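# Structural features, examined
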Amino acid sequence: MSEVIIPEEQAMPSDVVEKVVETVEEQPAQTPEQQFNLADKTLADLVGLFQELGEGVERLKKSKEVEAIKSAFYKRLSKEKAEAGLTAAVSEPDENSPVEAAEPAAEEKMNPFEAIEAGFKSLYNEYKKERAELNRQQEAEREENLAKKLAIIEDLRQLVEKQEDVNATFPAFREIQNRWRETGPVPAQQFRDVNDQYQYLVEKFYDMVKINRDLRDLDFKKNLEAKESFVAAAEKLAENENVIEAFRELQKLHEQWKEFGPVAKEKREEIWDRFKAATSVINKKYQAYFEGQKAKQAENLEAKSAICEKVEAIADKEIASSNEWNALSKEIEELQKQWKAIGFASKKDNQKIYDRFRAACDKFFEKKRVFYSEIKDNLTGNLEKKLALIEQAEALKTSTEWKKTTDKFIELQKEWKEIGAVPRKKSEQLWKRFRAACDEFFAERDKQAKPAENDFHANLRAKRALIDEIKASEAADAETMKAFSARWAEIGFVPFKEKEAVAAAYKEAMQAKFPDYGTRPQRGNGGQRHGGNRAPRSEKDILVQKYNALQQDIANYENNIGFFAMSKNSEPLIRQMQDRIDSAKAELKELEEKIRNAAE
């Protein structure tokens, strides 16, 4: 076959052709998540959506929907398997390869997702078979169309070469044009060659066949009207803000343009220039759009990389407290929200940066899980230790070996304090059991104590009477407060289970009656405090305040001794407490001397 020369009006300038024949393949492929909102669908919802796609050719045209549903299904399946503790990987079927239902591993025989996964695979396999059959049919149809168009070209060539009378040739030419337009698409690799041959012969027919000028002008007029409509449509598309849609519609206009013959020579350049100008506007917008997309994707990648660095830094921290874990968890959650608000990166980078982000988050939450798992183990161990102490205390609470058992209870109480925390919901319950056993023993011991040693109940009555006297007192000066404190200190110990309540009642009564009771001078200003219009306190006031605070300390020490036992062979802790009391009383005497000197 000789080389085909395309007439000027039918051939497009090379720069325009290159832009027009650009396919959407240059457009970065959109992910299913960009095209369809399926992220929140359940497995059953996704299977239902697949079944609702319909049947026959209409369903086979929905390949993008099918692949989006398939991708969302296997992502959801992987996530739910992981949450259910099934670690086996989910094998997502490849669109271009056969999919068979995989035999589950031994440990997956009881996999609750097996049925729905097998059902989905069955639906998808059936769809692939139907689509493969459709592709084979369409390919066969394209080959048939190619054969038909080659036959049409041959008929047109013979018509051109005959150069018969126009009355005989023009109707035949019209019939050939109609047959050409009615014939469907051909294989893509043959499209250009076949179309070029046809256009060349059409042009040659108009130039070589001697037809009636009126008929020819009429044909030129019809072609011009058609092409003007194409130009108007292209100019309208140039105003479309959706550049992707505009570009795709432009491709269709160019294909339709090629189906029509030439226009009058004086109109050829003008109509083509208009069409080319509209094409150029759309192409420039199309290119600018994707350049902008690339820049935006680069910004998104940079922003996501910065978030990854923050999460990785958090994940690498050594964290030792629950408060810090909670605070950092909130930071991670906030970063995850920021991540979702950022758009996609480029196709080649998007999955990589997501994998990096996911790995950093997984590392953080795995460390958190291990941390709390260890805490739980420690709490459980402490619970077992305290239960053991409770059992010992409950076994000893009825003992009448007062000295020996008292020492043992002191030892158990010390061990209790040294044991760490237990689960919160068990803490109060355990403490009440342990305290009840201690109280029962010490209460019985106090009842059996000899009056000569210490009448705890008489002391309790004396302290309660003093509290009532404090409340009824009308004097609120420092000397009265000091006197009450001295009398309180002279009263002996009270029963063990009453000591905390009576001490609290005393403190409350003193603080209500004497505002300065229990306060200490602040450092850095000579012990003086300033508040509102209150004048600086005198040196005597500061000394009295210190004296009162020291008296309260002595009362607390004495009540602490009452927690144990008053015996000659008490535990060393009691001696230590007594040393503190003696030291505090000596300091009280020194303060009394200083207060008298300050008064003088």
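Keep in mind it's a predicted model, so treat the numbers as computed, not measured. (Residues numbered from 1 in each chain as written. Predicted model: local features only at pLDDT ≥ 70, side-chain atom pairs only at ≥ 80, totals over all residues. Heavy atoms only, no water.)

## Observations regarding the side chain of Ser 346
- Following the sequence through the fold, Ser 346 ends up in the loop between α12 (322–341) and α13 (347–396).
- Ser 346 sits in the buried class, given a relative accessible area of 18%. (Helix = DSSP H or I, 4+ residues; strand = E, 2+ residues; numbered from the N terminus. Buried < 20%, exposed > 50% of the residue type's maximum accessible area, 1.4 Å probe, protein only.)

## Description of the packing of helix α16 (residues 456–472) against helix α18 (residues 499–513)
- In the contact formed by α16 and α18, the axes pass within 9 Å of each other and the chain directions differ by 20°. If you check the angle between α16 and α18, you find them roughly parallel. α16 and α18 meet at a crossing whose hand is left-handed. Between α16 and α18, the contacting residues are Leu 460, Lys 463, Arg 464, Ile 467, Ile 470 and Lys 471 on the first element and Val 502, Ala 505, Tyr 506, Ala 509, Met 510 and Lys 513 on the second.
- Of the residues assigned to the contact of α16 with α18, the class counts are eight nonpolar, no polar and four charged. (Axes fitted to C-alpha atoms, helices over the stretch in contact; angles between N-to-C directions. Parallel < 35°, antiparallel > 145°, perpendicular 65-115°, else oblique. Left-handed = near helix turned anticlockwise from the far one by under 90°. Contact = heavy atoms within 4.5 Å. Nonpolar A, V, L, I, M, F, W, Y, C, P; charged D, E, K, R; others polar.)

## Points about the nonpolar core
- Counting residues in each nonpolar core, the largest one holds 25 residues, and the members touching the most others are Ile 470, Tyr 506 and Met 510.
- The set of elements that each furnish at least two residues to this core consists of α16, α17 (478–490), α18, α19 (539–563) and α20 (572–599).
- In this view, Tyr 506 contacts Ile 467, Ile 470, Phe 484, Ser 485, Trp 488, Tyr 517 and Gln 552; residues no more than four positions away in its chain are not counted. (Core = buried A, V, L, I, M, F, W, Y, C linked by side-chain atoms within 4.5 Å.)

## Some remarks on helix α15 (residues 424–448)
- Here α15 spans 37 Å end to end across 25 residues, near enough to the 36 Å set by a 1.5 Å rise per residue.
- Of all the residues in α15, the buried ones are Leu 430, Phe 434, Arg 435, Ala 437, Cys 438, Asp 439, Phe 441, Phe 442, Ala 443, Arg 445 and Asp 446. (Expected span 1.5 Å × (residues − 1).)

## A short note on the environment of Ser 583
- Along the polypeptide, Ser 583 turns up in helix α20.
- For Ser 583, a relative accessible area of 46% corresponds to the partly exposed category.
- Between the alpha carbons of Ser 583 and Ile 554 there is a distance of 9.5 Å; along the sequence they are 29 residues apart.

## Looking at the confidence of the model for the protein
- Summarising the model, the protein shows a mean pLDDT of 77, and 78% of its residues fall at 70 or more.
- Mean pLDDT across the elements of the protein bottoms out in helix α1 (residues 14–20) (36) and peaks in α18 (88).
- A low-confidence stretch, residues 1–34 (pLDDT under 50), is modelled with 60 contacts involving residues beyond four sequence positions or located in other chains. (pLDDT = per-residue confidence, 0-100.)

## Some thoughts on the packing of aromatic side chains
- Under the criterion given, the structure shown has 24 aromatic pairs.
- Relative to Phe 364, the ring of Trp 325 lies with its centre 5.3 Å away and its plane at 55°, an arrangement referred to as tilted. With Trp 325 in helix α12 and Phe 364 in helix α13, this residue pair connects regions lying 39 residues apart in the sequence.
- Assessed through its relative accessible area of 2%, Trp 325 is described here as buried.
- Centroid distance Trp 416 to Trp 431: 6.0 Å. Interplanar angle 50°. Geometry classified as tilted. (Phe/Tyr/Trp six-rings, centres within 6.5 Å; stacked < 30°, edge-to-face > 60°.)

## Some remarks on the pattern of salt bridges
- Evaluated as defined, the whole model comprises 27 salt bridges.
- Close ionic contact of Lys 81 with Glu 117 constitutes a salt bridge, the shortest N to O distance being 3.3 Å. Pair noted here: Lys 81 is in helix α5 (residues 63–83) and Glu 117 is in helix α6 (residues 114–162), with a separation of 36 residues, a long-range link. Each member of the pair, Lys 81 as well as Glu 117, carries the same accessibility label: buried.
- The network of salt bridges with shared partners includes Arg 435, Asp 439, Lys 499 and Glu 500. (Salt bridge = Lys/Arg side-chain N within 4 Å of Asp/Glu carboxyl O.)

## Overview of the environment of Trp 402
- Inspection of the secondary structure assignment puts Trp 402 in helix α14 (residues 402–418).
- The class for Trp 402 is partly exposed, based on a relative accessible area of 26%.
- Here the alpha-carbon distance between Trp 402 and Phe 441, two residues 39 residues apart in the chain, equals 8.8 Å.

## Section: the packing of α17 against α18
- The interhelical angle for the contact between α17 and α18, taken along N-to-C directions, is 170°, at an axis separation of 12 Å. When the axis of α17 is compared with that of α18, the two are roughly antiparallel. Listed contacts from α18 to Met 481, Phe 484, Ser 485 and Trp 488 of α17 are Val 502, Ala 503, Tyr 506 and Met 510.
- Residues belonging to the contact of α17 with α18 are distributed by class as follows: seven nonpolar, one polar and no charged.

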